[in-house]
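# An overview of the molecular structure
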Amino acid sequence: MTPTQQIYWHTTVKMPDDSKLTPLPEKVEVAILGGGYTGLSAARTLAKRGVKIAVLEANTIGWGASSRNGGMVLTGLKLGMRSVMKKYGRETARRLFQCSLQSIDTVEQIVKEENIDCGFRRYGHLLTVNKPRHFDALKEDVEFMEKEFNHTLHLLARDEQHTEIGSDIYHGALVDECSGGLNPAQYVSGLAAAAEGAGATLHARARVNRLERKEDRFVLETERGPVSAESVLVATSGYTGNVTKNLQKKVIPIGSFIIATEKLPDELAKQLIPNGRMIFDSMHYLNYFRLWDNRMIFGGRAAFFPETSKTIGRSAEILRQEMIDVYPQLKDVKIEYVWGGTLDFAFDMMTHVGETDGIYYSLGYAGHGVAMATYLGKTVAEAMIKGNIKEHPFASFSFPGAPLGLYNGFPWFLPFAGAWHKILDWLE
Ligand SMILES: Cc1cc2nc3c(=O)[nH]c(=O)nc-3n(C[C@H](O)[C@H](O)[C@H](O)COP(=O)(O)OP(=O)(O)OC[C@H]3O[C@@H](n4cnc5c(N)ncnc54)[C@H](O)[C@@H]3O)c2cc1C
């Protein structure tokens, strides 16, 4: 039976909708483009400090990656810390890693303070090893992380991994106890309520079509009329469009897809992931999976282009096959839902924050945005108030565009990049 093309998480919570549209304010101090974790976390922080702010969202609040993701609240950055240190030096690497730990604390604190019912828990994450030589590299990583970052990781050899995963295909695994997990749609709905409760106004169906500087203010032409703002925060992640052309040219939108199985019997669920870890593997073309309410939530980059009913439809079968490769026990299990969403990658795979001419931005989460977007939304908002964004750790390195400028926002090279990742997976 073909699964329903619907975001499973949306069936677990009443998402903010567009049945009652809040009228747009004429003037605000800060206008935020995008109503996901970045925009809402910033809105909550600014509103708590008494700043008059409006979140302008093209679709409905939480519509983007923030209600579609795997719900993994992860330590570290997309780029391994060894590469980060090589590129930016020890001091910057340490600051950035510290931010990643603080980002999880921030999620934990917001969930607690705002009483958000989203199942947040420090489940820990498990990195599973696809090839024997990846295991040797991980041994060095464990020592490196302990020595340089005072961060403890545990390695499990192949004959020990059954304590963490009911699969035989891996060559060992690595556990990081610090990471967490949550239900992303419940979390973003709760964050929206918290921002609104603090005094921010949230506006669905308010796509910003033009952004112009007029003297000392900005005019944002939305599909529901103009809004005038002193400053602007762009929080559009993988959905960044040509309203902010300079940012669009620096962000590559990449599709990621997820299936959710029917509810599994308790015993089977417990056997698949005994300690409820958030799991991802060691390939470039990686799979990520976890349990929620006894369903296997299994994701991957089954297609590189962003979500359309065609890419989603194709992904369902690819992901089912990949899930069965990991867990042959699930071969007769029904896949009930399939959906997709868009990730945002910068050309250097780093997250970037900054400001140009009064327009602030925070994007490039590369699949690490649940914790990081929450944290950067908050800390960029704080920097906007203090006027010291240049001192933000994620503003301390440059934000590169495409090599030779060969990109105008349409990712024509994705099929080649996809093929390249497959070649790397084969070679490495
Ligand atoms: C399938 C999938 C799985 C993922 N899994 C994980 C995971 O397990 N762990 C993790 O850490 N990260 C994960 N991520 C990444 C994470 O979801 C994102 O990094 C994070 O949600 C980004 O939040 P955001 O608020 O910046 O952007 P989004 O939530 O994408 O919101 C951006 C919003 O901007 C709006 N917008 C765009 N243009 C305009 C405009 N002109 N005017 C007004 N609004 C506009 C869009 O409608 C959209 O709602 C995953 C992403 C996907 C797609």
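Here the residue index of a chain counts from 1 through its sequence in written order. pLDDT decides what is reported in this predicted model: residues at 70 or higher carry local features, side-chain atom pairs at 80 or more are listed and counted, and totals for whole chains, interfaces and linings draw on all residues regardless. Values shown for side chains rest on all heavy atoms present in the structure; no hydrogens or waters enter the calculation.

So, about the pattern of salt bridges. Only one rule defines a salt bridge in this text: a Lys or Arg side-chain nitrogen within 4 Å of an Asp or Glu carboxyl oxygen. For the structure on display, the rule yields 24 salt bridges. A salt bridge links E148 to K147; its shortest N-O distance comes to 3.5 Å. A salt bridge links R217 to E230, with the shortest nitrogen-to-oxygen separation between them at 3.8 Å. Of this pair, R217 sits in strand β11 (residues 217-222) while E230 is found in strand β12 (residues 225-234), placing the two residues 13 residues apart along the sequence. The rule is simple: take the accessible area with a 1.4 Å probe, protein chains only, and divide by the maximum for that residue type; under 20% is buried, over 50% is exposed, in between is partly exposed. Note on E230: relative accessible area 43%, which makes it partly exposed. Under the DSSP-based scheme used, a helix requires at least four consecutive residues in state H or I and a strand at least two consecutive residues in state E, with every element numbered from the N terminus.

The rule for pairing is simple: two strands pair if DSSP sees at least two bridges between them. Taken together, nine strands build an open sheet; the order of strands is β1-β17-β13-β16-β15-β14-β5-β7-β6 and the sheet is mixed. In the strand order of this sheet, the two ends are held by β1 (4-5) and β6 (154-156), each with one partner. Residues count as neighbours in contact if any of their non-hydrogen atoms are within 4.5 Å of one another. The convention used is that axes are lines fitted to C-alpha atoms, helices contributing only their stretch in contact, and that angles between N-to-C directions extend from 0 to 180 degrees. Packing against the sheet, helix α8 (residues 309-326) makes contact with β1, β13 (251-261), β15 (287-292), β16 (295-300) and β17 (335-346), and its axis sits at approximately 60° to β13.

Bringing the pairing of strand β3 (residues 53-56) into the picture now. Alternating residues of β3 divide into I53 and V55 and A54 and L56, and every residue in both groups is buried. Examined bridge by bridge, strand β2 (residues 27-33) and β3 share four bridges and lie parallel to one another. The partner of V30 across the bridge, within β3, is I53. The parallel pair β2 and β3 is bridged by helix α1 (residues 37-48), and the resulting crossover is right-handed. Relative to strand β9 (residues 201-203), β3 runs parallel, the two being bridged by three bridges. Considered in β9, the bridge of L56 is made with H203. Consider the strands pointing away from the viewer: the crossover is right-handed when the path from the first strand over the helix to the second runs clockwise.

What is shown is where atoms sit, not what they do.
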